[in-house]
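Coordinate analysis (summary)
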Amino acid sequence: MADNGAQDSKSQRHELLLQEIEGIDEYWGPTFRAIYDGDEHQKFMECLDARIKSHDKDIERMCNFHYQGFIDSIRELLQVRTQAQKLNTEVVRLDEELQQSANRVISKGEELVQARRVESNIASAIDSLTICLPVLSTYAKLQRQMQEKRYYPALKTLEQLEHLYLPRVANYQFAHQMRDSIPKLRENIKDASMSDLKDFLENIRKFSPKIGEVAMRHTAEQMGGDPGTVGGIKKRNVVPPPNPFTGKIETDENEYDEEDLSAQDLIDFSPVYRCLHIFSVLGSRDTFETYYRQQRKQQARLVLQPPTNMHESLEGYRTYIYGIVGFLVTEDHLLNTGNGLVSRSYLDELWGMALSKIVNALRTHSAYCTDATLMLKIKNLIMLFLTTLQNYGYPVNQLLELLTEIRDHYNEVLMQRWVQVFREILDEECFLPIEVETQEEYDNVLSSFPFHDESLETAPCPKIFPFSSMVPKVYQQVKEFIYACLKFSEDLNLSQGEVDDMIRKSTNLLLTRTFSGCLTSIFRKPSLALLQVVQIIIDTGYLENATVFLEEFVSNISGSNRTDGHLTLRSQGQSAMFRVARDDAERQICDKLRGKVGEFLELENYDWLLVEPQGHASSFVTDLIAFLQSTFLSFTNLPDEVAQQACCTACEHIANSLMGLMLSDDVKQISMGALQQINLDTIQCEQFAASEPVPGLEEQVLLRYFADLRQLLDLFMTWDWPTYFHDYGQENSKYQHVNPSTATILVEKLREADKRTMFSVLKKSERDKKKLLETVLKQLRQLAQTQQQQQQSQTQLPQSSQLLQPQQQMQAPIQ
């Protein structure tokens with residue numbers, strides 16, 4: 001029973017295992033482990049086979065039961081097979097079509113997805129750009145402004161970019177790059193503006209002369225003067241400068257002419273304004289002002305350096321003055337518009353430094369100028385220069401004083417020019433009185449020189465003026481000189497009195513120095529005849545008398561009436577006008593007259609051993625007296641003192657020459673006959689001297705020149721030696737002018753002449769005469785020796801004083 005029970009339990013367990021196998025499809029591991037663990041796998045295999053067979057039977061029974069149906073199904077299935085193939089073909093076709101449609105849908109879907117993604121990105125980008133666009137736009141604006149050199153707006157834009165826009169895009173990398181580049185951009189703006197300033201300074205230095213030229217032209221137009229003084233300016237179209245704050249150039253349809261623009265309109269000052277604003281914003285205004293002023297001072301030193309050969313042409317002065325005016329006008333413009341860049345104190349200091357250099361340069365170069373016409377143009381240019389500077393508020397007193405100095409040099413240059421004029425007149429002049437054939441010629445002379453003579457006016461033609469053609473020519477040239485002097489004084493803001501004094505002083509110098517010097521050089525010519533010298537003296541007298549009319553002429557052209565005791569042409573006295581020339585002419589007259597007298601005296605042919613005189617004067621003396629008489633008649637128009645001096649000179653020279661002939665070392669022997677002939681000649685000369693050959697001389701004045709000769713001849717003619725020796729040294733001595741030495745020489749020559757008579761010693765009278773001659777000669781030698789000792793000891797004895805007194809009396813009329 002127990003075995004049966006165990007058997008049943010095993011069967012149940014095997015059944016359970018089989019159920020598990022049948023019920024579980026995936027994992028049978030535990031079931032198999034349970035089968036093999038019990039070592040009953042053989043029995044289990046048997047049970048499994050039995051279960052398989054049972055199932056095979058069930059399958060077979062089921063198959064048998066469903067066989068017909070299966071057959072029917074197979075038949076139907078075969079029928080369906082054909083339809084399935086058709087269906088398959090249709091499905092394949094539909095599948096292909098569906099795949100194609102699906103592919104298009106997928107593609108569109110992918111495109112849609114991509115579009116959605118792009119749309120999303122675009123929206124995101126739009127949002128980002130909305131934030132970044134102002135930054136980029138501002139940065140682009142900044143770059144554009146820098147390219148256009150609008151540095152001050154660029155600086156404002158940079159500040160806006162830094163503080164307003166960049167914080168909004170702080171997360172972007174480009175924003176960091178921009179922020180890092182801002183200091184560099186600021187420095188670039190600063191450097192660029194400074195570069196523009198340097199360009200401006202360089203250009204303004206080159207363009208300053210044009211500014212000065214235009215400024216002076218406008219001044220000339222305002223003064224109503226001739227703008228041609230400034231030089232020609234060609235018209236051209238000028239574009240107005242850009243606005244210094246906006247940088248925009250405002251155009252107008254109308255054309256601009258350079259002559260219509262002011263000096264400031266000719267140059268663009270915007271670089272200065274921009275740089276000033278930029279440095280002010282950057283906090284470096286002081287640095288900028290210091291730099292600008294230093295640069296301008298350096299440029300001022302260059303401008304104030306005159307060209308090397310400035311004095312040679314007016315163009316050199318124009319270039320120099322234009323540059324100075326342009327420089328100062330520019331600084332004055334910046335003083336008014338530069339917002340303190342140029343201060344009044346700085347400008348005054350600059351002008352003070354410039355003024356002294358300008359004055360020195362103009363003074364130095366004008367001193368080299370020897371062209372009066374050029375100096376007149378220079379004066380007009382300087383006048384326009386200082387007027388222009390006055391209009392801009394610069395003090396110009398030193399320049400006015402400089403013009404006064406230049407005026408004096410101008411007058412000197414004029415005098416040098418008139419030296420040549422006077423020399424040409426004198427070189428062409430023959431110094432003969434003017435002779436006119438008709439009344440028209442007479443009137444022409446009177447129109448050129450103020451002269452009035454009733455006797456000459458009523459005389460019939462031909463008429464002879466007392467002066468030569470030199471007088472009206474010189475008179476007209478003096479008037480031309482006065483006109484030339486007056487030209488320089490115009491517009492100098494001088495009073496009529498100052499102009500009047502200047503003209504009179506210059507005219508005085510012209511006549512007393514320049515013209516007199518030319519006359520003096522004429523006197524040096526050996527070809528100048530005596531009568532020509534006489535005519536020159538007469539001419540100078542008429543020129544001196546004409547100074548009254550020159551006075552009136554000066555008063556008329558200067559508009560003054562000089563009755564206040566100021567300098568006049570005649571203030572030094574009429575005789576002082578040509579004192580030097582007259583003295584020289586008088587010396588020339590005396591020298592030439594002495595030379596003529598000497599020529600006649602050279603014709604003397606005395607026979608110094610003549611036994612008996614001719615009984616009349618020698619022919620050379622007669623001819624000499626005739627010459628002197630005709631010559632002194634031509635002295636009628638000479639001043640009395642000149643004629644008197646000439647006559648005294650002639651008489652003195654005749655007396656000294658006759659005395660010299662007797663005392664000459666060449667004459668070893670003189671006979672009494674020769675002395676008697678000389679006595680006759682001396683008497684003829686004394687008669688001429690006593691005939692008052694020229695009016696005005698006191699009686700016996702000319703005879704005094706023959707006193708020495710007369711007393712000497714009288715002593716020998718009368719042989720009055722006792723009286724001579726007795727009265728020698730007394731004031732009332734009859735022979736006080738006879739010098740012992742002179743008498744000794746003459747006695748020795750008489751003794752030598754007596755030795756030539758061989759038989760003279762045989763006559764008692766001749767022996768007595770010879771003895772007397774020796775006695776006289778011995779006493780004369782003793783007297784001469786005593787006189788010589790007195791002179792050596794320099795002792796003033798009454799006798800020597802009496803000897804000198806007649807000589808002083810003789811020289812008195814000469815002085």
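Under the annotation held in an unreviewed UniProt entry, the protein chain carries the name Exocyst complex component and is attributed to Frankliniella occidentalis. Recorded in UniProt under Sequence similarities (unreviewed entry), the annotation for the protein chain is "Belongs to the SEC15 family." Turning to the protein chain, the UniProt annotation filed under Function (unreviewed entry) states: "Component of the exocyst complex involved in the docking of exocytic vesicles with fusion sites on the plasma membrane."

With that settled, the discussion passes to the side chain of Arg710. Here Arg710 lies in helix H22 (residues 707–718). Residue Arg710 is classed as buried on the basis of its relative accessible area of 14%. Among the polar contacts made by the side chain of Arg710, one reaches the side chain of Asn679 at a distance of 2.6 Å. Setting aside its immediate chain neighbours within four residues, Arg710 contacts Asn679, Thr682, Ile683 and Glu686.

Moving on, we get to the packing of aromatic side chains. Per the counting criterion, the structure on display carries 25 aromatic pairs. Plain terms: the ring middles of Tyr606 and Trp608 are 5.2 Å apart, the flat faces sit at 45 degrees to each other, and that makes the pair tilted. Assessed through its relative accessible area of 14%, Trp608 is described here as buried. Here the guanidinium or amino end of Arg293 rests over the ring plane of Tyr346, the centre of that ring lying 5.0 Å away. One Lys or Arg, Lys479, reaches over the ring of Phe553 and ends 5.0 Å from the middle of that ring.

Further remarks concern the UniProt feature "coiled-coil region" (unreviewed entry) in the protein chain. Following the UniProt record, one finds the feature "coiled-coil region" (unreviewed entry) at residues 77–104. With 100% helix and 0% strand, residues 77–104 has its two end C-alpha atoms placed 38 Å apart.

This part is about the state of the cysteines. According to the stated counting rule, one finds 0 disulfides in the structure shown. Between Cys647, a free cysteine, and Cys651, which holds the nearest cysteine sulfur, the sulfur-to-sulfur gap is 4.4 Å. By relative accessible area, Cys647 is classed as buried at 0%.

Let us look at a nonpolar patch on the surface. There is a patch of nonpolar side chains on the surface, built from Val118, Ile122 and Ile126 and spanning about 240 Å² of accessible area. Note that Ile122 resides in helix H3 (residues 41–147). Of the residues examined, Ile122 reaches a relative accessible area of 44% and is grouped as partly exposed.

All told, the structure shown has 19 salt bridges when counted by the stated rule. Note that Lys297 and Glu349 form a salt bridge whose closest N and O atoms lie 3.8 Å from each other. A residue pair is termed long-range when its members are at least 10 positions apart, and Lys297 in helix H7 (residues 285–303) and Glu349 in helix H9 (residues 344–368) qualify at 52 residues. For Lys297, a relative accessible area of 25% gives the class partly exposed. One continuous salt-bridge network, built from bridges that share partners, spans Glu90, Arg93 and Glu97.

What counts and what doesn't
- Residues numbered from 1 in each chain as written.
- Predicted model: local features only at pLDDT ≥ 70, side-chain atom pairs only at ≥ 80, totals over all residues.
- Heavy atoms only, no water.
- UniProt positions renumbered as here; feature names shortened; annotations may be inferred.
- Helix = DSSP H or I, 4+ residues; strand = E, 2+ residues; numbered from the N terminus.
- Buried < 20%, exposed > 50% of the residue type's maximum accessible area, 1.4 Å probe, protein only.
- Polar contact = N/O pair within 3.5 Å; in protein donor to acceptor, adjacent residues only side chain to side chain.
- Contact = heavy atoms within 4.5 Å.
- Phe/Tyr/Trp six-rings, centres within 6.5 Å; stacked < 30°, edge-to-face > 60°.
- Lys NZ or Arg CZ within 6 Å of the ring centre and 35° of its normal.
- Disulfide = S-S within 2.5 Å.
- Patch = residues over 30% accessible without salt bridge, like charges linked within 9 Å, V, L, I, M, F, W, Y side chains within 5 Å.
- Areas by Shrake-Rupley, 256 points an atom, 1.4 Å probe, with all protein chains shown as cover.
- Salt bridge = Lys/Arg side-chain N within 4 Å of Asp/Glu carboxyl O.

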